[in-house]
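# Descriptive analysis of the structure
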Amino acid sequence: MKKILMLVLVIVLTVSMTACSTKEGTQSDSSNITTGENDATNNAVDAVKVQIGFENSLSEPVGQALLKWQQLLEEQGDGSILIELFPDSQLGTKSELIDSMLLGEPVITLADGAFYADYGVRDMGILFGPFLFETWEQCWALTESDWYAEQSELLEEKGLKLLASNWKYGERHTMTNSLVETPDDLRGMIIRVPNNQIQTQGFNALGATATGMALNEVYQALQTGTIDGAENPLATLYGRRLQEVAPYLLMTGHVKNFTTWVTGTAFFDTLTPEQQELLVSTGREAGLYNNDLVDQYEEEYLQLMLDEGVTVTELSSKEVDQFVEAAQSFYQKGDDFGWSDNLYETVRAAMGLN
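Let us look at the structure shown here.

What counts and what doesn't
- Residues numbered from 1 in each chain as written.
- Predicted model: local features only at pLDDT ≥ 70, side-chain atom pairs only at ≥ 80, totals over all residues.
- Heavy atoms only, no water.
- Salt bridge = Lys/Arg side-chain N within 4 Å of Asp/Glu carboxyl O.
- Helix = DSSP H or I, 4+ residues; strand = E, 2+ residues; numbered from the N terminus.
- Pairing = 2+ DSSP bridges.
- Buried < 20%, exposed > 50% of the residue type's maximum accessible area, 1.4 Å probe, protein only.
- Contact = heavy atoms within 4.5 Å.
- Phe/Tyr/Trp six-rings, centres within 6.5 Å; stacked < 30°, edge-to-face > 60°.
- Lys NZ or Arg CZ within 6 Å of the ring centre and 35° of its normal.
- Axes fitted to C-alpha atoms, helices over the stretch in contact; angles between N-to-C directions.
- Parallel < 35°, antiparallel > 145°, perpendicular 65-115°, else oblique.
- Left-handed = near helix turned anticlockwise from the far one by under 90°.
- Nonpolar A, V, L, I, M, F, W, Y, C, P; charged D, E, K, R; others polar.
- Polar contact = N/O pair within 3.5 Å; in protein donor to acceptor, adjacent residues only side chain to side chain.
- Expected span 1.5 Å × (residues − 1).
- Right-handed = clockwise from strand over helix to strand, strands pointing away.

### What about the pattern of salt bridges?
Under the criterion given, the structure shown has eight salt bridges. A salt bridge links Asp88 to Arg240, with the nearest nitrogen and oxygen atoms 3.2 Å apart. Within this pair, whereas Asp88 is found in the loop between strand 2 (81–86) and helix 4 (94–102), its partner Arg240 is found in the loop between helix 10 (234–239) and strand 8 (248–264), the two being separated by 152 residues in sequence. Note that Glu308 is salt-bridged to Arg241, the shortest N-O span being 3.0 Å.

Shown next as structure tokens:
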């Protein structure tokens, strides 16, 4: 009986050791096999993840175009670089994002000449001057000019790389919490603008008192009476639901606002040439998609506002002329902004104007 028990124990032990040996051998062999699925997982883990932070909602044309940019990058790339979107100021204010770029963070944000002026390329501030452009064609002519290329190079020396400059943000109009029918009615009203010197002084020139404020704070500020109005394109005004607290729209169209997407040169230089080209080319392609959306929805946003009870006031040609005349005081303050001599004339010449 004892011999039988010993034999059984020997057999069990032998089988157990064989099974363990077989299992370990199988694990060792399989560790050298990499499937296509594992490749994709590894690429996703190793991919450069670029964070795009912006103030707008995803429902706005700019948000939809960013989704398009994200899609184009994934479709045309090899998975080594991906875009992550953070709407509604989730990553911080525009100034905070630009500061993080200068520290080398993989961040992109929407910005424009007024902000670049604050970061040392003073002449770019004129791009946000009131009534500088009469048509969108003048905007694109300027972005393709030698003057704009020179300014972009100066910006790179400051640590900021422009990725795309062909995005329409829209014509900027003014919403207020009381009726405004003429330029004189704006006088003394506190109007929110983005937090930079150029846009503050530009709107001051039109007669109002401008105050810088983050976009995500505007609704409450209007609701509490801290400010009397805000200016932005129709898509943004409606997207932030400002008509609920400021039911009067003055169609000033004081800025034809083309915008840019910018990242830090320190981060951009870490990308391969292929990744750099892909990020730039898809950004510009998405810009064309954005512009179609802006054109398509501008009338729809206006009609939505009318349907929700907004009082819309169009300016007469005489009233537009009054605004244009008032805006000239802004361009005469070039020394205050650190502009080059005769910058206004230089920019108009770059647009092909006299």
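Right, picking up where we left off after that structure.
### A closer look at the pairing of strand 5 (residues 190–193)
Note: strand 5 against strand 6 (residues 209–212), four bridges, orientation parallel. Along strand 6, the bridge assignment pairs Ile191 with Ala210. For strand 5 and strand 7 (residues 229–232), the ladder comprises two bridges, and the chain directions are parallel. Looking at the pairing, Ile191 lines up with Gly229 of strand 7.

### A short note on the environment of Met124
Along the polypeptide, Met124 turns up in the loop between helix 5 (113–118) and helix 6 (136–143). The class of Met124 is buried, set by a relative accessible area of 1%. In this structure the C-alpha to C-alpha distance between Met124 and Ser152, which are 28 residues apart in sequence, comes to 9.0 Å. Once you skip the residues sitting within four places of it in the chain, Met124 turns out to touch Gly113, Ala114, Tyr116, Tyr148, Gln151, Leu155 and Leu162.

### Focus on the packing of aromatic side chains
The way to describe two aromatic rings as a pair is by their centre distance and the angle between their planes. Summed over all chains, the structure comprises 15 aromatic pairs. When the ring of Phe330 is compared with that of Trp339, the centres are 5.7 Å apart and the planes differ by 75 degrees; the resulting orientation is edge-to-face. The interplanar angle of 35 degrees and the centroid separation of 4.6 Å between the aromatic rings of Tyr331 and Tyr344 together place this pair among those described as tilted. Of this pair, Tyr331 sits in helix 13 (residues 317–331) while Tyr344 sits in helix 15 (residues 343–350), and the two are 13 residues apart along the sequence. For Tyr331, a relative accessible area of 9% puts it in the buried group. Ring-pair connections join several aromatic residues into one group, and the members of that group are Phe133, Trp136, Trp140, Tyr148 and Phe258. The lysine or arginine in question, Lys68, covers the ring of Tyr289, its NZ or CZ lying 5.3 Å from the ring centre. One Lys or Arg, Arg241, reaches over the ring of Tyr238 and ends 5.1 Å from the middle of that ring.

### Comments concerning the packing of helix 3 (residues 61–76) against helix 12 (residues 273–307)
As a packed pair, helix 3 and helix 12 sit with axes 8 Å apart at the nearest point and diverge in direction by 150 degrees. Classified by the angle between their axes, helix 3 and helix 12 sit roughly antiparallel to one another. Crossing hand, helix 3 versus helix 12: right-handed. Here helix 3 contributes Pro61, Val62, Gln64, Ala65, Lys68, Trp69, Leu72, Leu73 and Gln76 to the contact with helix 12, which in turn contributes Leu278, Leu279, Thr282, Gly283, Glu285, Ala286, Tyr289, Asn290, Leu293, Val294 and Tyr301. When its residues are assigned to classes, the contact of helix 3 with helix 12 shows 13 nonpolar, five polar and two charged.

### Some points on the side chain of Thr176
Structurally, the position occupied by Thr176 is in strand 4 (residues 160–176). Residue classification places Thr176 among the buried residues on the basis of a relative accessible area of 2%. A polar side-chain atom of Thr176 sits 2.7 Å from the main-chain carbonyl oxygen of Ser178. With near-sequence residues (within four places) excluded, Thr176 lies in contact with Met189, Ile191, Asp228, Gly229, Ala246, Pro247 and Tyr248.

### Describing helix 12
Side chains that are three or four residues apart share a direction in an α-helix, a result of its 3.6 residues per turn. Over its 35 residues, helix 12 runs 50 Å from end to end, which matches the ideal 51 Å to within 8%, given 1.5 Å per residue. Gly309 lies just past helix 12 and shows a positive phi near 90 degrees.

### Some points on the pairing of strand 1 (residues 48–53)
In this sheet, strand 2 lies alongside strand 1 in parallel orientation, the contact comprising six bridges. Considered in strand 2, the bridge of Gln51 is made with Glu84. Of the crossover connections in this fold, the one passing from strand 1 over helix 3 to the parallel strand 2 is right-handed. The sheet contact formed by strand 1 and strand 3 (residues 107–111) spans three bridges and is parallel. When the bridges of strand 3 are listed, Gln51 appears paired with Val107.

### With respect to the environment of Ala246
Turning to its location among the elements, Ala246 is positioned in the loop between helix 10 and strand 8. Note on Ala246: relative accessible area 0%, which makes it buried. For Ala246 and Asn177, which are 69 residues apart along the polypeptide, the C-alpha to C-alpha distance reads 4.0 Å. Aside from chain neighbours lying at most four places away, what touches Ala246 is Met175, Thr176, Asn177 and Leu222.

In short, shape yes, function no, at least from these values alone.
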